[in-house]
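For reference, the chains in residue letters:
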Amino acid sequence: MQAGVIGGYRRWKMLFLLPLAMAIGTGAARAQPPRKPAAPAKRFDLIRWNHGQFIYGADYYPEAWPERQWEQDARRMQAAGINFVRLGEFAWVKMEPAEGRFDFAWLDRALQVLAAHGIRAVLGTPTAAPPAWLYAKYPDIAAVNREGIRYRFGSRRNYSLLNPHFLAATRAIVTAEAEHYKNNPAVLGFQIDNELGNPYCYDHYCRAAFQAWLRRKYHRLDALNRAWGTIFWGHTYTAWTEIPLPWNTLFGVVNPSLALDYDRFFSQTTRRYLDFQARILRRIAPAKAITTNEMGMFDAVDYSRLNTAIDFAAWDNYPMFDQRHSDYFGPALAHDLMRGSKAGRNFMVMEEEAGLPGWTTFWGRQAAPRLYRVWAYQAIAHGADGVCYFRWRTSRYGTEQYWQGILDQDSVLNQRYRVIARMGREVRRLTPLIEGTRVAARIALLVSPASRWAFHIQPLTKNFDYNRQLERYYAAFRRRRANVDVVFPQQDFSRYKVLVAPSLFAASAGLARKLTRFVAAGGVLVLTYRSGVKDAHNVFTRRTLPGRFARLAGIAIHDYDPQTTQKQTILMAGARYPAGVWFDILTPAGARVLATYGQNYYAGKPAATLNRFGRGAVIYVGTEPETDAFYDRLALLAAKQAGIGLGARLPAGVEEASRKKAGEKLLFLLNYTGRPQRVRITAAARNALTGGREGPQIELPAYGVRVLRLAGAGGG
Ligand code: GLA
């Protein structure tokens, strides 16, 4: 049911919380934050940063509760093992009640109460919630939608990233906060803003900045005209100032090349806004760490580029709100993507679901309280060195009165609190084992931000979903216990044995060369339909499809059948699998046929192929099979080609993941179901909490977890 609603949540945020900035005032060049990036720490160890403790926390809003309650809150947090809070990310008006008048006394008192109970904090820079007085004084900081209509005050993050008044106000509050807390030992660091990534910006400042960005990219207007193919419909530009922002055109169509450059520009502009704050913080408070809370699969921003500016990645995980594919492989993939977005380094969850998600008009699903422990272990299993629950207590006010925290408004110590307190005790015992371990994988998924944007600009069919493909291939390897990394095009992926790169729609020549080298050196590459169609400018290739990948995949595609409703069957090794979305009709040119279509005028024609290339192989799947059975088979085939073994298939609702350091491996077995489950492991193990011997048969209770220590470290 809510899968659709839930899956649409981030998109909902994008579409309706995506306000833009209004257009008056001076040139954008002046409005833009400086371009020089802030320098993050080379290596960052979260546990060391938190004084040797695993970060176990809650997002806390003391400003919304009577001060007399703070002491009891802090005591109860400490009793639950909480040693960390995030504070203040929406408290701009409390910190700066009038322009230039700062008041941190209340926050100092809150920090003091918390510190007395061993709890340290990350402070939000509060720019996600500009005060009403700021909007009143500078109305043009308010975002406008893509039709040019300005939003009213009353939500959050509805500001223009490039508005000079907003940037000046940002500088003032961030400077004051950094100055005030640079030497406070209870403050570990700063979270910049909150869930950066919208509003998209379409105002006057933004348009001028976009034109300046294009000028820097193309240098000459005729180069831009050529790259974008503006000859189509006579869109040729004769001056940089003629170039519009995308959308809000008749029929809602736009030059796909312009739109893709806009997406890049917006992603970089977001990064520059983050840099703008990071530079202030680093200059004034160099001893404090910097992060920002992100949104997993959210794709308006290329996190892999944003995160080079911060010390560690952090994200907000709501399995019962945001999940589509499942309530465990969905978050698992998002954890892995977040880890991958910071080059594989350990991360933290800044907001971990702690109760029913619900905004004013929509709800997620209620979870069995024991799942809050399972999800915390899941985060750890995927490389988190910190878990912070959102939020300590449900709000009495505003949009999120239905979004449950650990405690409800009545502050009764409920079942969720007891579950989280149990986890707090366990994680403290496990910290020495967890510290220094990393996720190791031999299989990776390649996420292409350019392709994701290009598909938003020109969606293939109604039911096309880039992320769903990631999830399907991901889940197949995870069902057989393999750790999976997520990598981005500019990163090094040469160490992997298998690389799955679904629908590599807009691929640069450089990426195609890199993938060719990967395969030639022995890697197994899985490509799927609609790969190699566009170049980096989102212009259709003049080569035979799959374009730059045709030789690598040993196929040609002269015909395809986009389907929104009609299904197909494909036949592979004697079995039939339903398929949908898109059907590439493949002509082998050296490749061996793996699967054929069952219906329509192309019945019997190849649907999937395997091509040996150099020392490796390329599997091309021209459609989207719809059952797990297909992906299970394909995962086995890809692993076999790569010479790696996969584990025995796990029961549905059970996950296995591991972290390791020299000589030791921690294995996490997680049961997301309300029934006991039985899993076999192959190596001798000890229970990491009790020290007792375990295996080979492991009995997992309903919503149960087992953390095992394995002697010697195997592969991923
Ligand atoms: C996000 C935000 C939080 C809160 C939660 C629940 O992840 O960062 O401030 O709004 O969602 O909606």
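A.B. asks: I'd like a rundown of the overall build of the protein chain, residues and numbers included.
C.D. replies: Within the protein chain, the secondary structure is distributed over 21 helices and 27 strands. Against the compact-globule benchmark of 27 Å for 716 residues, the protein chain has a radius of gyration of 26 Å, which places it among compact chains. If one aligns the C-alpha atoms of the protein chain with their principal axes, the spans along those axes are about 75 × 75 × 45 Å. In the protein chain, which comprises 716 residues, the proportion classed as buried is 62%. Within the protein chain, contacts between residues at least 6 apart in sequence are counted, and of these 74% link residues at least 24 apart. Total accessible area on the protein chain is roughly 26200 Å²; 53% of this is exposed by carbon and sulfur atoms.

A.B. asks: Give me helix H14 (residues 329-341): which residues, what numbers.
C.D. replies: The end-to-end C-alpha separation of H14 is 18 Å, in line with the 18 Å expected for 13 residues at 1.5 Å each. Burial runs high along H14: 13 of the 13 residues are buried. Taken from the residues just after H14, Ala-343 is the one with a positive phi, measuring 55 degrees.

A.B. asks: Hey, could you go over helix H21 (residues 628-642) for me, with residue numbers and the actual values?
C.D. replies: The terminal C-alpha atoms of H21 lie 21 Å apart, and with 15 residues this matches the ideal 21 Å at 1.5 Å per residue to within 8%. Inspection of H21 places Phe-630, Tyr-631, Asp-632, Leu-634, Ala-635, Ala-638, Ala-639 and Ala-642 among the buried residues, and these make up the whole buried set. Looking one or two residues past H21, Gly-643 carries a phi angle of roughly 75 degrees, positive in sign.

A.B. asks: Any chance you could break down the confidence of the model for the protein chain for me, citing the residues and the numbers?
C.D. replies: Looking at the protein chain, the pLDDT average stands at 93 and 93% of residues meet or exceed 70. Model confidence for the protein chain, summarised as mean pLDDT per element, is weakest for helix H1 (residues 2-16) at 35 and strongest for strand E2 (residues 84-87) at 99. Low confidence marks residues 1-31, where pLDDT is under 50. Its contacts with residues over four positions away, or in another chain, come to 99 contacts.

A.B. asks: Break down the side chain of Arg-76 for me, with residues and values.
C.D. replies: Mapped onto the elements, Arg-76 comes out in helix H4 (residues 70-79). For Arg-76, the residues in contact, after removing those within four places along its chain, are Trp-392, Leu-407, Ser-411, Leu-413 and Tyr-417.

A.B. asks: With reference to specific residues and values, describe the site of the ligand.
C.D. replies: Lining the immediate surroundings of the ligand are 14 residues, of which Asn-194, Glu-195, Glu-351, Trp-359 and Glu-400 lie closest. Measuring from an oxygen atom of the ligand, one finds a side-chain N or O atom of Glu-195 at 2.4 Å. Protein chains bury 100% of the 300 Å² of accessible surface belonging to the ligand in isolation. Broken down by class, the residue content of the shell around the ligand amounts to 6 nonpolar, 2 polar and 6 charged.

A.B. asks: So, the nonpolar core: which residues are in play, and what are the values?
C.D. replies: Residues Phe-210, Trp-228, Ile-243, Tyr-389, Ile-406 and Leu-525 are the most contacted members of the largest nonpolar core, which totals 220 residues. Other than its neighbours up to four places away in sequence, Ile-406 contacts Ala-58, Ile-82, Ala-354, Tyr-389, Arg-391, Trp-392, Asn-414, Arg-416, Tyr-417 and Ile-420. By size, the runner-up hydrophobic cluster in this structure holds 12 residues, among which are Leu-46, Val-122, Leu-188 and Met-350.

A.B. asks: Let's hear about the packing of helix H11 (residues 256-284) against helix H17 (residues 449-457): which residues, and what values?
C.D. replies: At a minimum axis separation of 10 Å, H11 and H17 run at an interaxial angle of 130 degrees. Comparing the axis directions of H11 and H17 gives the class oblique. Judged by the twist between their axes, the crossing of H11 over H17 is right-handed. Here Pro-256, Ala-259, Leu-260, Asp-263, Arg-264 and Ser-267 of H11 lie close against H17, whose contacting residues are Ala-450, Trp-453, Ala-454 and Ile-457.

A.B. asks: Requested: an account of the pairing of strand E22 (residues 664-671), with residues and values cited.
C.D. replies: Most of E22 is tucked away: 8 of the 8 residues are buried. Alternating positions in E22 separate into two faces, Glu-664, Leu-666, Phe-668 and Leu-670 on one and Lys-665, Leu-667, Leu-669 and Asn-671 on the other, with burial throughout. Hairpin connection, strand E21 (residues 654-661) to E22: the antiparallel pair is bridged by 2 residues, and Gly-663 has positive phi, about 80 degrees. Both E22 and strand E27 (residues 705-711) contribute to a ladder of 7 bridges, which runs antiparallel. Note on E27: the bridge partner recorded for Lys-665 is Leu-710.

A.B. asks: For the pattern of salt bridges, give the residues involved together with the corresponding values.
C.D. replies: Going through the model one piece at a time under the given rule, you end up with 33 salt bridges. Between Asp-628 and Arg-479 there is a salt bridge; the shortest N-O distance is 3.4 Å. Separated by 149 residues along the polypeptide, Asp-628 in helix H21 and Arg-479 in helix H18 (residues 466-479) bring together distant segments of the chain. For the salt bridge of Glu-699 with Arg-678, the shortest nitrogen-to-oxygen distance reads 3.0 Å.

A.B. asks: So what about the pairing of strand E1 (residues 55-59)? Which residues, and what values?
C.D. replies: A large share of E1 lies buried, amounting to 5 of its 5 residues. Every second residue of E1 is oriented toward a common face, with Ile-55, Gly-57 and Asp-59 on one face and Tyr-56 and Ala-58 on the other, all of them buried. Note that E1 and strand E9 (residues 384-390) share 4 bridges and pair parallel. From the neighbouring strand, Ile-55 faces E9, where its bridge partner is Gly-386. Inspection of the sheet shows E1 paired to E2 by 3 bridges, in the parallel sense. Looking at the pairing, Gly-57 lines up with Phe-84 of E2. A crossover links E1 with its parallel partner E2, the connecting element being H4, and its sense is right-handed.

A.B. asks: Can you break down the packing of aromatic side chains residue by residue, with the values?
C.D. replies: This structure, assessed with the given rule, holds 49 aromatic pairs. Residues Tyr-56 and Tyr-389 carry aromatic rings whose centres are separated by 5.7 Å and whose planes lie at 90 degrees to one another, so their mutual orientation is edge-to-face. Of this pair, Tyr-56 sits in strand E1 while Tyr-389 sits in strand E9, and the two are 333 residues apart along the sequence. Using a relative accessible area of 0% as the deciding quantity, one classes Tyr-389 as buried. With a centroid separation of 5.3 Å and 85 degrees between ring planes, the pair formed by Phe-630 and Tyr-631 is classed as edge-to-face.

A.B. asks: Before we move on, can you summarise the environment of Ile-82 with the specific residues and values?
C.D. replies: Position of Ile-82 among the secondary structure elements: in the loop between H4 and E2. Each C-alpha atom, one on Ile-82 and one on Thr-564, is 49 Å from the other, the two residues being 482 residues apart in sequence. Apart from residues lying up to four places away in sequence, Ile-82 is in contact with Tyr-56, Gly-57, Ala-58, Met-77, Ile-119, Trp-392 and Ile-406.

A.B. asks: Help me get a handle on the environment of Phe-549, residues and values and all.
C.D. replies: If you trace the backbone, Phe-549 turns up in the loop between strand E13 (524-528) and helix H20 (550-553). Among residues more than four places away in sequence, those in contact with Phe-549 are Leu-504, Ala-507, Ala-512, Leu-515, Leu-527, Ser-531 and Gly-532.

Each value, and the rule that gives it
Residues numbered from 1 in each chain as written. Predicted model: local features only at pLDDT ≥ 70, side-chain atom pairs only at ≥ 80, totals over all residues. Heavy atoms only, no water. Helix = DSSP H or I, 4+ residues; strand = E, 2+ residues; numbered from the N terminus. Rg over C-alpha atoms; globule rule 2.2 N^0.38 Å. Buried < 20%, exposed > 50% of the residue type's maximum accessible area, 1.4 Å probe, protein only. Contact = heavy atoms within 4.5 Å. Areas by Shrake-Rupley, 256 points an atom, 1.4 Å probe, with all protein chains shown as cover. Expected span 1.5 Å × (residues − 1). pLDDT = per-residue confidence, 0-100. Near = heavy atom within 4 Å. Polar contact = N/O pair within 3.5 Å; in protein donor to acceptor, adjacent residues only side chain to side chain. Nonpolar A, V, L, I, M, F, W, Y, C, P; charged D, E, K, R; others polar. Core = buried A, V, L, I, M, F, W, Y, C linked by side-chain atoms within 4.5 Å. Axes fitted to C-alpha atoms, helices over the stretch in contact; angles between N-to-C directions. Parallel < 35°, antiparallel > 145°, perpendicular 65-115°, else oblique. Left-handed = near helix turned anticlockwise from the far one by under 90°. Pairing = 2+ DSSP bridges. Salt bridge = Lys/Arg side-chain N within 4 Å of Asp/Glu carboxyl O. Right-handed = clockwise from strand over helix to strand, strands pointing away. Phe/Tyr/Trp six-rings, centres within 6.5 Å; stacked < 30°, edge-to-face > 60°.

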